[in-house]
Every structure is written in C-alpha cells, then in structure tokens.
Amino acid sequence: MYSLKQNKLLLLGLCLPATLIVAIFIIFPIANGVYMSFTDASPLRPTSKFVGFENYRYLFADDVYWQVLGNTIFIIGFATILAMLISVCLALLLNNTIRFSGLYRSLIFQTWVVPWIVIAILWGWIFNTDYGLVNGTLAQYGLIESQIDWLFNGKYAQWAIILCFAWRSIPFLMVIMLAALQGVPGEVLDAAEVDGAKYWQKTFKVTLPLIQNISLAAALMQAVRMFQEMTLPFVLTEGGPMNATMVLSMYSYNLAFDSWDFALAATVGSLWLVMLVLFGAIYLKTVVREM
Amino acid sequence: MKFSFSKLVRGYIIPYGLQASALASTAILISPIVWMVSTSLKKESEVFDRPPVWIPSEISFDSYFRIMNSFVANILYNSILVALLAAIIATVIGAMTAYALSRFAIPGKSTIMLFFLSSLAFPIPLLMMSMYILLMKMGLLDTLLSMIIGHTVITLPITVWLMKNFIDQIPKEIEEAAYVEGASFLRIIFFIVFPLSMPALTASALFVFVTSWNELFFGLSFISSPDLRTVPVGISQSFLQEFKTDWTGMMSLAVIVTIPIGIIFVFLQKSFLRGMIAGSVKG
Amino acid sequence: MSYVELNNIGKSFDRVEVLKKINLSIKKDEFCVLIGPSGCGKSTLLRIIAGLESPSSGSLSLNNKDVTELRPRDRNIAMVFQNYALYPHLTVRGNMEFGLKLDKTPKAKINDLVNEAAAILKLEPYLTRYPKQLSGGQRQRVAMGRAIVRNPSLFLFDEPLSNLDAKLRTKMRTEIKSLHFRLKSTTVYVTHDQIEAMTMADKIVVMNEGEIIQVGTPLELFDNPKNLFVASFLGSPEINLFEGTVKKSSDGYFLKLDGTSDLNLPQDLNFNEDQKIIVGIRPQSLKVSSKSTKLKSVVNIIENTGTSTFIFSTVGSSNVCSEVDRNLNFKVGDDIFLSAEPNKMLIFNPETGERLINEI
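Residues numbered from 1 in each chain as written. Chains lettered and ligands numbered in written order. Predicted model: local features only at pLDDT ≥ 70, side-chain atom pairs only at ≥ 80, totals over all residues. Heavy atoms only, no water.

A.B. asks: Give me the lowdown on the overall build of chain C, citing residues and values where you can.
C.D. replies: Assigned secondary structure in chain C consists of eight helices and 20 strands. Based on the C-alpha atoms only, the size of chain C along its principal axes is roughly 80 × 45 × 35 Å. Across the 360 residues that make up chain C, the buried fraction comes to 51%. Here the analysis covers contacts within chain C between residues at least 6 apart in sequence; of these, 65% occur between residues at least 24 apart. Averaging the locations of the 46 positively and 42 negatively charged side chains of chain C gives two centres separated by 8 Å. (Helix = DSSP H or I, 4+ residues; strand = E, 2+ residues; numbered from the N terminus. Buried < 20%, exposed > 50% of the residue type's maximum accessible area, 1.4 Å probe, protein only. Contact = heavy atoms within 4.5 Å. Lys, Arg positive; Asp, Glu negative; His and termini not counted. Charge placed at Lys NZ, Arg CZ, Asp CG, Glu CD.)

Laid out in structure tokens, this is it:
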C-alpha cells in the first residue's frame, strides 16, 4: 500500500518526532559520553581538555571500581537465577487447572507496580534490625538467637538486595512464562502422553525445552534492566556498608552528580556500553540464532 | 466401593496439594505488601510488638491523617502530571514510529529495532550527563518539562518496540480495504490501526506511566526547587529525613503513593498483559 | 466495448519481474477470472487494478478513463479480500457503512443501502454483531456486503473462498455467481481453484510466471487449450498425457508409446514419421473399450465419487485416468483396453509445450 517514494511526506511526519528525540537525547548523549571519557570534563570546569586513556587507566587501577563491578554481577546474577527458578515453578504450578489460578496470577502481578521508592522504605522496615518483620519472624520460630544486622553487614545487605531484586523480577518473568506455557500446543503434550511420558517427563522433556528460548530472553531482559536499577541501594543502603551494595549504575551516577566528575562517570558508562555490546553479540550468536 | 490408593492421590492429594502450594506461594509473594498495609493501619503502640502482628487489633487511620499534608499532595500532583504527559507523548510518538517501521520498507529496519531493544540496557547515567548539559543550555533545568523529556526518552524505544510487534500482527488487508473504500492515510492510522492496537497502546502507556512514577534520578539531578519534586524525589529528599522512625507514617505514605498506580493497574492489568505479551514474546 | 483495459502492464519488485507486459481487456458486466499457480502474478495484477500497487510500466484505464495514477478511492472500485479484512472493532453495520460515511453519503441513504445489501445477503439478524461473533461464511458475506453497498463500477475478489471449507465454498460460489447475475457488475476474480474458474467465469485468464498464457471462455479453454500448461491446469482429474513417436502403418498414423502399447492418431492431420509428440486426452474422453485395442492397461485404483466413477490404470510406465460407467464391474488388477475418439485428442509439441494444430 505504501511506497517509500510516493508517501515520503507521511513517512517523514510519522518518524520525525521520534527521530529528533532519539538523535538529540540518545545518540548524541552516548557519543558525547564516550567522547567525555577521553577528557577531564566536569560541569565545575568551564573548559575541558583531551586526556587520552587517562580515565581508563585510573579506573582500572581503582579497587573500588572492581569491587563495584563484582558486586553488581554477583547481585544481579543471583537475583536473576533465583527469580528464574521461582518463576518457572510458579508458572508450572499456576498453569494447572487450579481454582482461582487467575486470581493468584493477578495478585502476584499486581506487586509489579509497587514503586521502587516504596519498596526501598518497605524493605528498610522489613529488614529493620530491632523491629523488622524478618528478624521478628525468625526469632518467633527460634531460628535466630540475636538480631541480625541485615542492612549494616556487607554480606547480609547484599542478600537483602538480591532478595528484593528477585522478588521484583518474579511477577514479570512468571507472566511471560505463563504466556509461553499457554503457547505450547496441547497436541504435543497429548502426543507425549500417548507415548507414555509421565508428568515430570512431559515437563522436562517437552514443556521446558519448548519455552526455553522465551524464558531465557525474558531473563536476560530482566537482568539488563536490573543493571539500570539503583533506587533501592541508593535509598536503602546508600551503597554501603563499605560499598557492599554499590552497583555500577549508582556508582556512575554518584561520580557524575555527586562528585561532578563527568569524565570518570562517562568512562564507567562507556565501559558499560562495551560490556553491553559484547553481551548483545553473544546473545545474538547463541539465543537468537537458535530461534 | 473399593479403596484405591492411586484414586486417592489423583482425586484428593494432587488437587488439594496444588491448591495449597499456589495459595502459599501467592501469600508469601504478596506478604511484603500486606505487611506494608498492615503497619500503616496499626496504632503506634502495636507497631513494635513481638512476635509480629499481621492483623492490627484495632484499625487506625491516624497515621494517614498525620502525613497527609500539602507536601504530599504536591508531590502526588507533580508525579501524576509528569507521568501522564510522558505516557501520552511517548506512546503517541512511539506508535507513529512503530507504524512507519511496520508498514514501510525502511532500509536497515532490523538494525533500528535492535538498537531500540538494546536501549533497554543503556547506561542511564551516561545519557543523563549530556542531557543535563543540553537542558541547561535550553534553560529547562528545574522544570517539570525536563523530567517529562527524560522519562519520554528512556521509554520511547520500548513503546516503539512493543507497538511495532503488535502492529505487525494486524493484517495489512484491513488497511487496504479501508484504503480502497476511500479512507485517507491519517484516517486509516487513527481510526483503524490505533483502535485495533488498544491493548498495545494501553500496555505502552502504562509502562511509561509506571516507569515515570518510579523514576528517581532524573528528578534528583534536574530539579532543585522543592515544590517541583515528584513522589520518589520528595520521599527520598525530605520525607525520609523528617519521618525517620515514624514507621506507621512512612507505611501510610507508601500506601498512598502506591494507590494511584495500583488502581490503574487493577483495571488495565488484563489489557496490559495482552499488549505486553503480544508485543514482546515475538522478540 | 471494453470496460477495463490493461496496456503493457509490468511490475518488478527489486529486480524481480513479477508481471511482464500484460495486455487484457474486460467487457462491461463481464465476470473475469484470473487463474494460475501461486506466484504467477495474478494477485499482483489484481492489486494493480485496485490501485494498491502501482505498475512499473504500462497503463490502466477504467470506463475509458486512464486511472493509472489515481488512488483507489478515485477509481470507484470495491474489493473482497482472502481473509475478509473486516474491521474487527466495528459491527457488521459499521463495516458496511464505513466507505459510505467516508463519501459523506446522507445518513438516510446509508441506512437504505445497508439494509438492502443486508437483505440480499441475508445478514439482517447480524447487523449489530462484531466480526469475531460470526462464522466464516457470514464474515464472507459481510465482506461482500461492504463491497455491494458502495455500488462500485468494478468488483475485485482476491481468492475470497479459499479460507472456507469445501461445502461452504460450493455454496458461496453459487451465491457470488447469482449476485453477479443480479447486480450485473463487472468483476475481476482471482483464484487458484480451477473449479471456481470454470463454474463462475464468463472469461478466464490463465496466467503463469507473470504472463498471460491464454484468455477465453471456460469451454474454449477446456476444449482448445493453447498449450500443455493450460490443458493440464484446467480439468479435474487432470488430462492424460501420452508421449511417444509417430509411426505409420497400413491403417495410417499411430503413436508408439514406450512398452507395447500404441495409440491411433487422428487421420486428418499430417504427421511426419518419427516425430515426437504428446497426445492429451481428458479422462472423460478416454473410454474403456469392450473390444480389444492396442492401448492395453491394468486397473490400479477405482474411485467412486457417487456421481462418477474413475478408473486409474497403468499404460507402460505411466498412470492414466478414465471416467467410466459406474455399472461396469471392474476389479483392481483387471486388464482393460482403452480408446478415444480422434477428435478429442489434443496434440502438443513436447519441447515447447505448444499445441500442434495446422502446422504439422
């Protein structure tokens, strides 16, 4: 119906707003950001000069950077794995003909819209050392003898964040996997049953392999989104104690808007971009090619 | 009747077992929210009780009245304004672009779509720095518009992605039929394609709204006037300091700022899921 | 006088030529069917007539007016699509009045037109329903209703029946035909189903690989196909083809087939001895002879459709089909003798596939 030649004006009208926004506010900032990583740019300085790989050299020699990178991968990795395991089980469970399964799904999915700032203060309350729900419940059943300093001990604080990230990822992953499960053709499962497969065999040999790609894609999407998420550590632990919950996004944000060191923040961002490109290339080579 | 063990398992143990596990997992997953609401309704005296009390012995709305002031009204107003405008702008612009990407033989289409998808993972602080400089030069720092722009920018790629995948599934013939009947392109887009894309439009608008409602850092760095703060900024910048140990008050505020988005979501969840799944499962 | 006139229409998508210099004229009130295997360009040609695609070369006129550059809405046409393309968010009434509203037709007139079309198509009980609440046949009718109400100067159908089941297809075929008889509207109808073409068309256009192979009435094409492609495309079961070498005996010319069988050729034609030819005989003309002939065959399968009985048998290495009287009792494995009237034989050149008539 349309041709690029005859409907130029329509095409232009449809694409112009988005093109402008993307060009000015995404492509330019990224290009400029990468450029800034080779300068000593800062809003506190009127001019900036080119410094080559100085920022990169500084960052690679900085223990904090490596600690933050390690934290981020640890937190997001465990949160994603945990969320995936729970979501698969939940999706398989709710995919049975259970009464109220629609209601359960809605209730769980409803938690997905609770704002991050609310989660941050809620988590602060739940993991509160003296009056928190977690310590209270553990003590009630005699599982702990003294209160645990959840948010003031590096390892525990990381796990509090991991639990929160996982909890937050579950609704979305579960819903995607339920949709994928519903897309598994009934005939295939009937065929497996006729061939004599038991429930577990059907699940592990037929159902799960069939939804594997969608689930993996959803998990990766969720993981990269978590990379951007910094409200929780920012408000709940302020990255502490001792940078234990400092994640890459928050680290870079603090460098930019707390220390006003745009150059170093841009360097962190550029390295993040490099990781993203590598990650994307691997993803395209493995997951997409199989689809 | 003969007793049969396998009948017992199939008829009772499995169905009830499944029901019980579904109920238990749902309960555990929503328990933080329940705890939030429960705390907000407690009397100050009951908050610190050990072991934890789930159902308040006496429902009290005191804390709601205590924290409900002009500051809270103001941050709610700002958030609604920013989220609503960002949702409308990002969705309309995204849908227009998505339509063009779906129906025109634009060269490099798959690369463009890949770029949009990967923007999900872009380092936001990297974007924010240059945006900060640009907005400063435009004189837009410390305005709600700067936040609307920021939220539109970070969500636009997703709306394009969602909408394109959805529009791809609308048969072209419907539009051709309208075209043969004499409908103009604009009429086809606004009276045929957009109404048919309602689930995807809802999904993307809601996605933008939720993202905007959640977003703390644009507000934190672009806004300096206290009366322009949105919900997350207001809470993190003033409320947390002021109400540090007032847990019922904090939980009441948490409930209050969750309610607007929660109610929208209750009504639009189905539509949202339909649009989201149709738009994302393909990719 | 011709009503639709296609002059040298050509169309290429990225260097792939899908239509090559198409010339075709369609008379007023004619029901013209475009038929051919998938990928032959018939749908593209229809879309060019509709104005949904523009031709790379050539021109198109409608009612003596050049419409090549006109948009569809300025051509006064209506089109029925394969998947119906109903507007899912509008009711049946909404679907039918959509185009009229765009033309700013007065409200009262719209109502009259819609009600009239609904009556013709027996859609009155469904006017307030949505497309997804209708069966396949009803949706098909709504799609036609949407076309009828606009009283177009040309109806275009793009494989409209291919999504229906066999029974409904036969029914809708008659309905479309009687509708055409009633409305006397010029129609271009695309299909790949030769039965639809044979039963509905005033004029059939057979296409292959972007070219028109032959144009004519159904019977003309059936009886006098121009080449092997047309001969085998039309007719069900397919025409039987015998390939062999012309030989001459005391009785005249005959065709030497591989194996031991021979086939007598029409004696009024001049063959060259040792010439290779293909002889086509339709199943209806390939009779089982009670006398012994030189065309001996073994029964493979007997197919009884109730109205007719077909025998599939083997001659040499090839399978042939003949329609027989259902009262004849044959069994699989029986030896039978086949024969055909010489004037029912179609002779083709095996290299070009063209029909040989006079040039021999």
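A.B. asks: Can you tell me about the pairing of strand β16 (residues 295-304) of chain C, naming the residues and giving the values?
C.D. replies: All names here are of chain C. Here β16 runs beside strand β19 (residues 335-339); their pairing, made up of four bridges, is antiparallel. By the bridge assignment for β19, L295 is matched with L338. Alignment of β16 against strand β17 (residues 309-315), held across six bridges, turns out to be antiparallel. Among the inter-strand pairings, V298 is bridged to a residue of β17, identified as T314. From the end of β16 to the start of β17, which pair antiparallel, there are four residues, and G306 there has a positive phi angle of about 100 degrees. (Pairing = 2+ DSSP bridges.)

A.B. asks: Break down the pattern of salt bridges for me, with residues and values.
C.D. replies: By the definition in use, this model includes 21 salt bridges over all chains. Across the salt bridge formed by R103 of chain B and E175 of chain B, the nearest N and O atoms sit 2.5 Å from each other. Remark: E175 of chain B occurs in helix α7 (residues 172-180) and R103 of chain B occurs in helix α3 (residues 70-103); sequence separation between them is 72 residues. Comparing R103 of chain B with E175 of chain B, the two get one shared label, buried. Here E175 of chain C makes a salt bridge to R141 of chain C, at a shortest N to O gap of 3.2 Å. Here R141 of chain C lies in helix α4 (residues 136-148) and E175 of chain C lies in helix α5 (residues 166-183), a separation of 34 residues in the sequence. On the basis of relative accessible area, R141 of chain C is assigned to the buried category, the value being 10%. One network of salt bridges, with partners in common, ties together D40, R45 and K49 of chain A. (Salt bridge = Lys/Arg side-chain N within 4 Å of Asp/Glu carboxyl O.)

A.B. asks: Lay out the sheet that holds β16 of chain C in plain terms, naming residues and giving numbers.
C.D. replies: All names here are of chain C. Sheet architecture is open: five strands sit in the order β15-β19-β16-β17-β18, paired in antiparallel fashion. Unpaired on one side and paired on the other, β15 (287-289) and β18 (318-324) mark the two borders of the sheet. This sheet shows a mean twist of 50 degrees between the axes of neighbouring strands, independent of strand direction. Strand direction decides the pairing type here: β15 and β19, joined by three bridges, are antiparallel. Residue K287 lies in a different strand from β19, and its bridge partner there is S339. (Axes fitted to C-alpha atoms, helices over the stretch in contact; angles between N-to-C directions.)

A.B. asks: Give me the lowdown on the side chain of T245 of chain A, citing residues and values where you can.
C.D. replies: Residue and element names in this part refer to chain A. Tracing the backbone through its elements, the reader meets T245 in the loop between α10 (231-237) and α11 (248-257). Polar contacts involving the side chain of T245 include one to the side chain of T237, which spans 2.6 Å. Beyond its immediate chain neighbours, meaning those up to four positions away, T245 contacts N71, I75, A157, Q158, I161, P233, T237, G239 and G240. (Polar contact = N/O pair within 3.5 Å; in protein donor to acceptor, adjacent residues only side chain to side chain.)

A.B. asks: Requested: an account of the environment of Y3 of chain C, with residues and values cited.
C.D. replies: All names here are of chain C. The topology assignment puts Y3 in strand β1 (residues 2-13). Residues Y3 and K27, 24 residues apart in the sequence, show an inter-C-alpha distance of 4.9 Å. Residues within four places of Y3 in sequence aside, it is in contact with I26, K27, K28, S61, L62, N63, N64, S153 and T186. A distance of 3.2 Å separates the side chain of Y3 from the backbone oxygen of S153, its partner in a polar contact.

A.B. asks: Explain empty space enclosed by the protein to me, and be specific about the residues and the numbers.
C.D. replies: Throughout the structure, instances matching the rule amount to four cavities of 30 Å³ or more. The space that makes up the largest cavity amounts to roughly 720 Å³. Along the walls of the largest cavity sit 36 residues, with R225, Q228 and E229 of chain A together with F207 and T211 of chain B positioned nearest its centre. At the level of elements, α7 (154-182) and α9 (199-228) of chain A together with α5 (124-138), α6 (144-168), α9 (198-214), α10 (217-222) and α12 (247-280) of chain B are the ones that each hand at least two residues to the lining of the largest cavity. The leading source of residues in the lining of the largest cavity is α6 of chain B, at seven residues. In terms of residue class, the lining of the largest cavity is made up of 24 nonpolar, eight polar and four charged. Space inside the second largest cavity adds up to approximately 70 Å³. (1 Å grid on protein atoms, 1.4 Å probe; cavity = no way out; pocket = protein on both sides within 12 Å on 5 of 7 lines; lining within 4 Å. Points joined across faces, edges and corners; volume = space filled by probe spheres on them. Nonpolar A, V, L, I, M, F, W, Y, C, P; charged D, E, K, R; others polar.)

A.B. asks: Could you give an account of the packing of α6 of chain B against α9 of chain B, with specific residues and numbers?
C.D. replies: All names here are of chain B. Two elements in contact, α6 and α9, have axes separated by 9 Å at closest approach and are oriented at 160 degrees. In terms of orientation, α6 lies roughly antiparallel with respect to α9. As α6 packs across α9, the resulting crossing turns out to be right-handed. Side by side, α6 and α9 meet where H151, I154, T155, I158, T159, L162, M163 and F166 of the first sit next to P199, A200, L201, S204, F207, V208, T211 and S212 of the second. (Parallel < 35°, antiparallel > 145°, perpendicular 65-115°, else oblique. Left-handed = near helix turned anticlockwise from the far one by under 90°.)

A.B. asks: I'd like a rundown of the interface of chain B and chain A, residues and numbers included.
C.D. replies: Counting residues at the interface gives 94 residues for chain B, matched by 94 residues for chain A. Of the roughly 8,600 Å² buried at the junction of chain B and chain A (both faces included), carbon and sulfur atoms supply 81%. Taken together, the connections running from chain B to chain A amount to zero salt bridges. Counting across the chain B and chain A interface gives twelve residue pairs in polar contact (both at pLDDT 80 or more). The biggest single contributor to the side of chain B that touches chain A is α12 of chain B, with 16 residues. Looking at the side of chain B that touches chain A residue by residue, the classes come out as 72 nonpolar, 18 polar and four charged. (Buried area = accessible area lost by both parts, 1.4 Å probe.)

A.B. asks: Hey, could you go over the interface of chain B and chain C for me, with residue numbers and the actual values?
C.D. replies: Counting residues at the interface gives 17 residues for chain B and 23 residues for chain C. Summed over both sides, the interface of chain B with chain C buries roughly 1,700 Å², with 67% coming from carbon and sulfur. Among the residues chain B hides against chain C, the three largest losses belong to Y179, V180 and E181 of chain B. Together they make up 41% of the total. Viewed at the interface, chain C and chain B are joined by two salt bridges. Salt-bridge contacts for R146 of chain C lead to E181 of chain B; the nearest nitrogen and oxygen are separated by 3.8 Å. The interface formed by chain B and chain C holds six residue pairs in polar contact (both at pLDDT 80 or more) in total. Listing elements by their share of the side of chain B that touches chain C, those giving two or more residues are α7 and α8 (185-196) of chain B.

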